[in-house]
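Structural description and commentary
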Amino acid sequence: MDLDAARTIQRSLLPQEVPAIAGYTLNYRSTTCYEVGGDYVDVVALPDGRLMMVLADVAGKGLASAMISMTFRSSFLSMAGAGLPLHEMAARMNTLHWQEGTEARRRYVTAILLCLDPASHTIEAVNAGHNPAFVAADGKIVHIGASGPPLGMLPGRSYEIERFTFEEGSQMLLYTDGLTEVFRGDEEFGEERLMGLLHDPADDFLHQVWTTLKHFTGNARQTDNMTALYLSRGRK
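Structural notes on the layout of surface pockets
Quantified by volume, the second largest pocket comes out at close to 180 Å³. In terms of lining residues, the second largest pocket is bounded by 13 residues, among which Asp-57, Val-58, Ala-59, Thr-110 and Asp-177 are the most central. In terms of residue class, the lining of the second largest pocket is made up of three nonpolar, six polar and four charged.

As structure tokens, this is what we get:
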């Protein structure tokens, strides 16, 4: 019963409603392999109209990783509300996590922080040791790779912001490695297959991703947490 309650609490702390953005589609999906897990996703609307987003993955699984993810959530919401730039947020969260001690360092956090300005159609992104984000536009896909290590792994690290215009027709996918590290026998689904879905996206893209993964594994039991955030900008 305690784990069931923890699952309910953790689910309640995920975004209950994703802000509507004129001309954009934004949604997320998250499923755990146990009652609770260390994946975290959030979307925060700022007073100036920008949206702050994060997708994070705590090393390990289960209750201990879930507890770390809730600590991460508190830090993220506090810093997002203070209006800190993304690279400073990442550096501060890295320091805070490191200072929590040895056990916390074993459960370091990979994360991607995003800030979308829908007025100028620009995105800022910081990748802290996470899987590369995919940005698809005009038939091409580029990666937003890590500019520093996972949060809490090494002290005193700095991170860099990537800035780009999110053109009409663009798509962006953030995901945890539970989506790519699934297997059919000895064959891994991998990043290439996941990227390939962006070339012909369904109306409900994340449903398409989860359905594709189920078919690939033959409906095998999920062995890792799976979380993704998808953003697209429609054409006029």
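Quick look at the side chain of Ser-232
With respect to the helices and strands, the residue Ser-232 is situated in strand E12 (residues 226-233). Given the relative accessible area of 12%, Ser-232 is considered buried. Once residues lying within four places of it in the same chain are set aside, the contact partners of Ser-232 are Gly-23, Tyr-24, Thr-25, Phe-166, Ser-170 and Gln-171.

Digging into the sheet that holds strand E2 (residues 39-45)
Across the sheet, which stays open at both edges, the five strands sit in the order E2-E3-E4-E5-E8 with antiparallel pairing between neighbours. Strand pairing shows two members of the sheet lacking a second neighbour, E2 and strand E8 (162-165), which therefore form its edges. Averaged over all adjacent pairs, the angle separating strand axes in this sheet is 15°, with direction ignored. Relative to strand E3 (residues 51-58), E2 runs antiparallel, the two sharing seven bridges. Along E3, the bridge assignment pairs Val-43 with Met-53. Packed onto the sheet, helix H2 (residues 62-81) meets E2, E3 and strand E4 (109-117) and runs at close to 20° relative to E2. In this fold helix H3 (residues 86-98) packs onto E3, E4 and strand E5 (122-128), with an angle of close to 155° to the strand it touches most, E4.

Regarding the sheet that holds strand E1 (residues 24-31)
The sheet built from five strands is open, its strands ordered E1-E12-E9-E6-E7 with antiparallel pairing. Every other strand in the sheet has two partners, leaving E1 and strand E7 (140-144) as the edge strands with one partner each. Going from strand to strand, the sheet's axes swing by 15° on average, the running direction of each strand aside. Alignment of strand E9 (residues 171-175) against E12, held across five bridges, turns out to be antiparallel. Bridging across to E12, Gln-171 finds its partner in Ser-232. Where helix H6 (residues 205-217) meets the sheet, it contacts E1, E9 and E12, and its direction lies at approximately 140° from that of E12.

Thoughts on the nonpolar core
By size, the foremost hydrophobic cluster in this structure holds 27 residues, and its most contacted members are Met-52, Phe-72, Phe-76, Met-89 and Leu-151. Breaking this core down by element, the ones donating at least two residues are E2, E3, H2, H3, E4 and E5. Ranked by residue count, the leading element in this core is H2, at five residues. Beyond its immediate chain neighbours, meaning those up to four positions away, Met-52 contacts Asp-42, Val-43, Val-44, Leu-46, Phe-76, Ala-80, Leu-84, Leu-86, Met-89, Leu-114 and Cys-115. If you look at the next biggest cluster of nonpolar residues, it comprises 22 residues, including Ile-21, Val-43, Leu-51 and Ile-144.

Thresholds applied
Residues numbered from 1 in each chain as written. Predicted model: local features only at pLDDT ≥ 70, side-chain atom pairs only at ≥ 80, totals over all residues. Heavy atoms only, no water. 1 Å grid on protein atoms, 1.4 Å probe; cavity = no way out; pocket = protein on both sides within 12 Å on 5 of 7 lines; lining within 4 Å. Points joined across faces, edges and corners; volume = space filled by probe spheres on them. Nonpolar A, V, L, I, M, F, W, Y, C, P; charged D, E, K, R; others polar. Helix = DSSP H or I, 4+ residues; strand = E, 2+ residues; numbered from the N terminus. Buried < 20%, exposed > 50% of the residue type's maximum accessible area, 1.4 Å probe, protein only. Contact = heavy atoms within 4.5 Å. Pairing = 2+ DSSP bridges. Axes fitted to C-alpha atoms, helices over the stretch in contact; angles between N-to-C directions. Core = buried A, V, L, I, M, F, W, Y, C linked by side-chain atoms within 4.5 Å.

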